[in-house]
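Chain by chain, the residues run as shown.
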Amino acid sequence: MSEQNSAKDALSRRDFLKLLGAAGVALTFTPFVPWGKFMPNPSNASLERAQVILPDGTQANVKTFPKNHSEVITYPKTGDSVLDQEAFKKWQFIRLPEELGGDKDDVSAFRAYSMVCLHLWCLWKYWPQEGRKRGECPCHGSMYNPLNGKAFAGPASLQASPSNVLATLYFEADNDGNLWIKPAVWSVNENGVVGYGRFLKT
Ligand code: FES
């Protein structure tokens, strides 16, 4: 390598380190920025309620959806198949196990939480197997309570509120038992902010 090239490399390394230092200082002095506002939440949530559409194209129904079972649902749907693949639109739609109220034939038996893990945004999923019955993130082991979406183990559980509780969706059922998603409000005090969190209602 020529001397000129080594000098250039050294310079770019120095510049890079300087840049890292500046970024660190900036973050140190901005701890109270409401980062949740900048998360890529779907801003085009419809003000209309939306059907809970399962991967097989049918609408979820309280009479037929199995207990202690989950499926991935998309919300809000744009109708564009590429945009609808975004992780920030993916939710674990869960019917609770019987002992947690999943045997009730109404909306109280159901939950939906954003699949974006609150730690570093890997996608977690619900594990129904005996002894588990919880959400688990494959990246660093965060675990989520299916009753309320709160992390109870792993790095996400160590994060300060609201970044230890997953964003959620709320439902209603029609007279035939078909499930609908109520229009979401992306705020930490309502449905929560995908990838950032939610304050648990007391
Ligand atoms: S991204 Fe889920 S535990 Fe780290």
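First things first, this report covers the structure right here in the doc. Note on numbering: residues in each chain are counted from 1, in written sequence order. The predicted nature of this model means local features are confined to residues of pLDDT at least 70 and side-chain atom pairs, given and counted, to a pLDDT of 80 or more, with totals for whole chains, interfaces and linings taken over all residues. To get the side-chain values, take all heavy atoms of the structure and skip hydrogens and water.

### Digging into the pairing of strand E4 (residues 110–114)
Heads up, the condition is: Only protein chains enter the accessibility calculation, which uses a 1.4 Å probe. A residue is then buried if its area is under 20% of the maximum for its type, exposed if over 50%, and partly exposed in between. In this text, helices come from DSSP runs of H or I with a minimum length of four residues, and strands from runs of E with a minimum of two, each type numbered from the N-terminal end. Here the rule is simple: two strands pair whenever DSSP picks up at least two bridges between them.
Burial analysis of E4 places five of its five residues in the buried class, which makes it a mostly covered element. Of the two faces of E4, both are covered, the one formed by Phe110, Ala112 and Ser114 as well as the one formed by Arg111 and Tyr113. Sheet analysis places strand E3 (residues 90–95) next to E4, joined by five bridges and oriented antiparallel. Across the sheet, the residue bridging to Gln92 is Tyr113, located in E4.

### Structural notes on unusual backbone geometry
Residue Pro76 is bonded to the preceding Tyr75 through a cis peptide linkage, with omega at -10°. Tracing the chain through its elements places Pro76 in the loop between strand E2 (69–74) and E3. Between Ser161 and Pro162 the backbone carries a cis peptide bond, its omega angle lying at 10°. Of note, Pro162 is situated in the loop between strand E8 (151–153) and strand E9 (171–173). The residue Asn68 is not glycine, and still its phi comes out positive at about 50°. Mapped onto the elements of the fold, Asn68 is located in the loop between strand E1 (50–51) and E2. Residue classification places Asn68 among the buried positions, given a relative accessible area of 18%. For Lys133, which is not glycine, the phi torsion reads 50° and is therefore positive. You can see Lys133 is positioned in the loop between strand E5 (125–127) and strand E6 (134–136).

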